[in-house]
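Chain by chain, the residues run as shown.
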Amino acid sequence: QVQLVESGGGLVQPGGSLRLSCAASGSIFSIYAMGWYRQGPGKQRELVARITSTGNTNYAASVRGRFTISRDTAKNTMYLQMNSLKPEDTAVYFCNAFRSTKNEYWGQGTQVTVSS
C-alpha cells in the first residue's frame, strides 16, 4: 500500500507562484510513474504533469513552460513548481502513483486558488 500526502496549496494572485509537494510513504519512484492531476470546478480530472520511473517528463499543453515537475528520491517527495499562475489554474491538485491498474494510488488533494 502506497500513501501519498500533498501539501503546498493555497491562495495566490495571478502571475504568482506556488510549489506543491507530494510525500510518498516509501521509495517508489524507481518503479512507479508519478503524476500531478487537477480537477477544477465543474470539470473532469485532468493530467497536469507526469514523470516516469526513468525520469522522463511530459506536460499538459496548458501548463507547458510554466510548470515543472521534479522529484527528490532521497526524500521520497515529488514536486510541482507552478509559475505565472492563471485563474484557470484554480483546482484541486492530486498526486498520483501508477504502476498498473491494480497498483495505482492517489493523494487526498490540495486546493490551489488563483485570484486577485
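All values reported here derive from a predicted model rather than from experimental measurement.

Draft legend 1. The overall build of the protein chain, seen in detail. What the protein chain contains, in helices and strands, is 0 helices and 11 strands. When the helices and strands of the protein chain are listed from N to C terminus, the series reads β-β-β-β-β-β-β-β-β-β-β. Since a compact globule built from 116 residues should have a radius of gyration of about 13 Å, the 13 Å found for the protein chain is in line with a globular shape. For the protein chain, the C-alpha atoms occupy an extent of roughly 40 × 25 × 25 Å along the three principal directions. Across the 116 residues of the protein chain, 45% fall into the buried class. For the protein chain, the exposed surface amounts to about 6100 Å²; the carbon and sulfur share of it is 45%.

Draft legend 2. Summary view of the environment of Leu4. Here Leu4 shows up in strand S1 (residues 4-7). We classify Leu4 as buried; its relative accessible area is 6%. Residues Leu4 and Thr77, 73 residues apart in the sequence, show an inter-C-alpha distance of 9.2 Å. Residue contacts for Leu4: discarding those within four places in its chain leaves Cys22, Ala23, Ala24, Ile28, Met34, Cys95, Asn96, Ala97, Tyr105, Trp106, Gly107 and Gln108.

Draft legend 3. Region of interest: the side chain of Thr52. With respect to the helices, strands and loops of the structure, Thr52 is situated in the loop between strand S5 (46-51) and strand S6 (57-59). Here Thr52 falls in the buried class, since its relative accessible area comes to 18%. Separated by 3.0 Å, the side chains of Thr52 and Thr54 make a polar contact. When residues no more than four places from it in sequence are discounted, the contact partners of Thr52 are Tyr32, Ala33 and Arg71.

Draft legend 4. Quick look at the pairing of strand S7 (residues 67-72). As paired strands, S7 and strand S8 (residues 77-82) are joined by 6 bridges and run antiparallel to one another. Along S8, the bridge assignment pairs Ile69 with Leu80. In textbook terms, the turn of a hairpin is the stretch between consecutive antiparallel strands, and for S7 and S8 this stretch comprises 4 residues, one of which, Asn76, has a positive phi near 55°.

Draft legend 5. Seen up close, the nonpolar core. Leu4, Met34, Trp36, Leu80 and Tyr93 are the most contacted members of the largest nonpolar core, which totals 31 residues. For this core, the elements supplying multiple residues, two or more each, are strand S3 (18-24), strand S4 (33-39), S5, S7, S8, strand S9 (91-100) and strand S11 (110-114). In this structure Met34 touches Leu4, Cys22, Ile28, Phe29, Ala49, Arg50, Ile51, Ile69, Met78, Cys95, Asn96 and Ala97, once residues within four positions along its chain are discounted.

Draft legend 6. Region of interest: the packing of aromatic side chains. A full pass over the atoms with the stated rule returns 3 aromatic pairs. Ring geometry for Tyr32 versus Tyr105: centroids 6.3 Å apart, planes at 55°, classification tilted. With a gap of 73 residues between them, Tyr32 in the loop between S3 and S4 and Tyr105 in strand S10 (residues 103-106) connect regions that are remote in the sequence. Assessed through its relative accessible area of 5%, Tyr32 is described here as buried.

Draft legend 7. Summary view of the sheet that holds S1. Pairing is antiparallel in the open sheet, where 4 strands are placed in the order S1-S3-S8-S7. The strands lining the two open edges of the sheet, one partner per strand, are S1 and S7. Neighbour-to-neighbour, the strand axes of the sheet open up by a mean angle of 15°, direction not taken into account.

What counts as what
Residues numbered from 1 in each chain as written. Predicted model: local features only at pLDDT ≥ 70, side-chain atom pairs only at ≥ 80, totals over all residues. Heavy atoms only, no water. Helix = DSSP H or I, 4+ residues; strand = E, 2+ residues; numbered from the N terminus. Rg over C-alpha atoms; globule rule 2.2 N^0.38 Å. Buried < 20%, exposed > 50% of the residue type's maximum accessible area, 1.4 Å probe, protein only. Areas by Shrake-Rupley, 256 points an atom, 1.4 Å probe, with all protein chains shown as cover. Contact = heavy atoms within 4.5 Å. Polar contact = N/O pair within 3.5 Å; in protein donor to acceptor, adjacent residues only side chain to side chain. Pairing = 2+ DSSP bridges. Core = buried A, V, L, I, M, F, W, Y, C linked by side-chain atoms within 4.5 Å. Phe/Tyr/Trp six-rings, centres within 6.5 Å; stacked < 30°, edge-to-face > 60°. Axes fitted to C-alpha atoms, helices over the stretch in contact; angles between N-to-C directions.

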